[in-house]
Amino acid sequence: MDRVFQRLRNLDAYPKINEDFYSRTFSGGLITLISSIVMLFLFFSELRLYLHTVTETKLVVDTSRGGTLRINFDVTFPAVPCSVLTLDAMDISGEQHHDIKHDIVKKRIDAHGNVVAVRQDGIGGPQIEKPLQRHGGRLEHNEKYCGSCYGAEVTDDDCCNSCDEVREAYRKKGWGMTNPDLIDQCKREGFVQKVKEEEGEGCNVYGFLEVNKVAGNFHFSPGKGFYQSNIHVNDLLAISKDGYNISHRINKLAFGDHFPGVVNPLDGAQWFQDAPDGMYQYFIKVVPTIYTDIRGHTIQSNQFSVTEHFRSAEPGRPHSLPGVYFFYDLSPIKVTSKEEHSSFLHFMTNICAIVGGIFTVSGIIDSFVYHGQRAIKKKMELGKFS
């Protein structure tokens, strides 16, 4: 057994020196104190990095198919009244949605930005008593209401029971509404009067859209858009004499849910128009993103980049429907971000490197200082004897 212990003693890489041969110096104590402070500082810095999460980001090919894309928006138009502002959406699959009202809230604002009224858009117009029937007479008791579409009927059974329904029938026909006062539904609902009452006001519209996960666009415009002789026009151009000012401020625009670190480049963006009419376009590249937090909770969302262009209504150029257009396309590359801690082994390796490195460096410095001091002391002693 003694031979085994002796062999273990021979393996000792840290031989001990008798304390009688130690030489403690002031410089050595100072270097020890400084190296200890540096060691503690680096230790706590490494510990803070270990306790905090790091986000690892990867780029992969997006192989997902189908699904929907949620678009959250909050846009303010200082010079477009809520009564004429509409929201349309369409995509490359051919699906179109005109004058979207679901999940949309509009706030009437005055010239100073103060809220005048808030209303949530709905389907259909207000109930009116004894409206004009399609056959020309007034609605009688126990008679079913069927309003005229004023020539825009597709079949003999078509009825237009509100101003919105007449405008939609006109839009499908490619007609513009030259004088809403001649339409019984619009006259009784006070459509023109409502437009006139809101002159000089603006509108804040916010809500969300659920669209197919394919390239498409959505746009805000004054009035319903339709095609006439292959030109995109709007059904309220005849009502407005001075055109529409499409100055706007984007309070929020996001494709999907919020996640830590996301930056939406259009949040807070604003643009002011000097001349009436024109089309302001945003071309957006949407990048699908999957974010996984430290607890394993996954958020399916998107990031995007954007470029802008204003198309003015100049003489000699094809007329463009005034409004603000958002054209979006999906990137084939998907971003995956995952929160995680650095490994404990990596942390321990760094701690050992800090301790060993500081001991080594401080030992070299101490040795250099000690031998320097001894050399100076010897020179001084030799000088006295000579």
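Everything numeric here is computed off the predicted structure, so don't read it as measured data. (Residues numbered from 1 in each chain as written. Predicted model: local features only at pLDDT ≥ 70, side-chain atom pairs only at ≥ 80, totals over all residues. Heavy atoms only, no water.)

A. Highlighting the overall build of the protein. Across its full length, the protein carries six helices and 16 strands. Put simply, of all contacts in the protein between residues at least 6 apart along the chain, 72% involve residues at least 24 apart. Put simply, the protein shows about 23900 Å² of open surface, and 57% of that area lies on carbon and sulfur atoms. (Helix = DSSP H or I, 4+ residues; strand = E, 2+ residues; numbered from the N terminus. Contact = heavy atoms within 4.5 Å. Areas by Shrake-Rupley, 256 points an atom, 1.4 Å probe, with all protein chains shown as cover.)

B. Spotlight on the confidence of the model for the protein. Confidence along the protein averages 80 in pLDDT terms, with 81% of residues attaining 70 or more. Contacts for the low-pLDDT stretch residues 122-127, under 50 throughout, to residues beyond four places or in other chains number six contacts. The model gives residues 227-232 a pLDDT under 50, and that stretch makes twelve contacts with residues more than four places away or in other chains. (pLDDT = per-residue confidence, 0-100.)

C. Expanded view of the nonpolar core. Core analysis: the largest hydrophobic core is formed by 48 residues, its most contacted members being F218, F220, L253, I284 and F326. Looking at which element gives the most residues to this core, the answer is strand β2 (residues 68-77), with five residues. Ignoring any residue separated from it by four or fewer positions in sequence, one finds I284 in contact with L253, F255, L266, F304, S305, V306, F326, F327, Y328 and D329. (Core = buried A, V, L, I, M, F, W, Y, C linked by side-chain atoms within 4.5 Å. Buried < 20%, exposed > 50% of the residue type's maximum accessible area, 1.4 Å probe, protein only.)

D. Just the packing of aromatic side chains, in detail. Tallied over the full model, the rule gives 20 aromatic pairs. Seen from their ring centres, Y282 and F326 are 5.0 Å apart, and the 10 degrees between their planes marks the pair as stacked. Separated by 44 residues along the polypeptide, Y282 in strand β13 (residues 279-292) and F326 in strand β15 (residues 323-330) bring together distant segments of the chain. Neither Y282 nor F326 differs from the other in exposure class; each is buried. Members of the aromatic cluster, each reached through a chain of ring pairs, are F73, F77, F218, F220, F255, W271, Y280, Y282, F304, F310, F326 and Y328. The ring of F208 carries the charged tip of R70 above its face, separated from the ring centre by 3.7 Å. (Phe/Tyr/Trp six-rings, centres within 6.5 Å; stacked < 30°, edge-to-face > 60°. Lys NZ or Arg CZ within 6 Å of the ring centre and 35° of its normal.)

E. Representation of unusual backbone geometry within the structure. Of note, the phi angle at D103 is positive, near 60 degrees, even though the residue is not glycine. Within the secondary structure, D103 sits in the loop between β4 (96-97) and β5 (104-109). Relative accessible area serves as the criterion here: at 41%, D103 is assigned to the partly exposed category.

F. Seen up close, the pairing of strand β16 (residues 333-340). Sheet analysis places strand β1 (residues 54-61) next to β16, joined by eight bridges and oriented antiparallel. Considered in β16, the bridge of T55 is made with E339. Bridging between β13 and β16 involves four bridges; their strand directions are parallel. What sits directly across from Y291, in β16, is S337. (Pairing = 2+ DSSP bridges.)

G. Focus on the pattern of salt bridges. Tallied over the entire structure, the rule returns five salt bridges. Among the salt bridges present, the one from K334 reaches D62, with a minimum N-O distance of 3.9 Å. With K334 in strand β16 and D62 in the loop between β1 and β2, this residue pair connects regions lying 272 residues apart in the sequence. Close ionic contact of R108 with E201 constitutes a salt bridge, the shortest N to O distance being 2.8 Å. Of this pair, R108 sits in strand β5 while E201 is found in the loop between α5 (191-197) and β7 (202-212), placing the two residues 93 residues apart along the sequence. For E201, a relative accessible area of 11% puts it in the buried group. (Salt bridge = Lys/Arg side-chain N within 4 Å of Asp/Glu carboxyl O.)

H. Examining a nonpolar patch on the surface more closely. Taken together, the side chains of F26, L30, I34, V38, F41 and L42 define a hydrophobic patch exposed on the protein surface, amounting to about 620 Å² of accessible area. Position of F26 relative to the elements: it lies in helix α2 (residues 26-51). (Patch = residues over 30% accessible without salt bridge, like charges linked within 9 Å, V, L, I, M, F, W, Y side chains within 5 Å.)

I. Structural detail: α2. With 26 residues, α2 extends 38 Å between its outermost C-alpha atoms, agreeing within 8% with the 38 Å of an ideal straight helix rising 1.5 Å per residue. Among the residues making up α2, those that are buried are S27, G28, I31, S35, M39 and E46. (Expected span 1.5 Å × (residues − 1).)

J. Representation of the side chain of T76. Note that T76 resides in strand β2. Relative accessible area serves as the criterion here: at 6%, T76 is assigned to the buried category. Here the side chain of T76 touches N204 through a polar contact of 2.9 Å, side chain to side chain. Engagement of the side chain of T76 in a polar contact is seen with the side chain of N251, the distance being 3.0 Å. (Polar contact = N/O pair within 3.5 Å; in protein donor to acceptor, adjacent residues only side chain to side chain.)

K. Examining the environment of C186 more closely. Tracing the backbone shows C186 in helix α4 (residues 184-189). For C186, a relative accessible area of 1% puts it in the buried group. In this structure the C-alpha to C-alpha distance between C186 and N161, which are 25 residues apart in sequence, comes to 10.0 Å.

L. Broad picture of the environment of Q273. Of note, Q273 is situated in the loop between β12 (269-271) and β13. Taking C-alpha positions, Q273 is 8.5 Å from H248, a pair spaced 25 residues apart along the chain. Q273 has contacts with Y244, N245, I246, S247, G278 and F310, leaving out every residue within four places of it along the chain.

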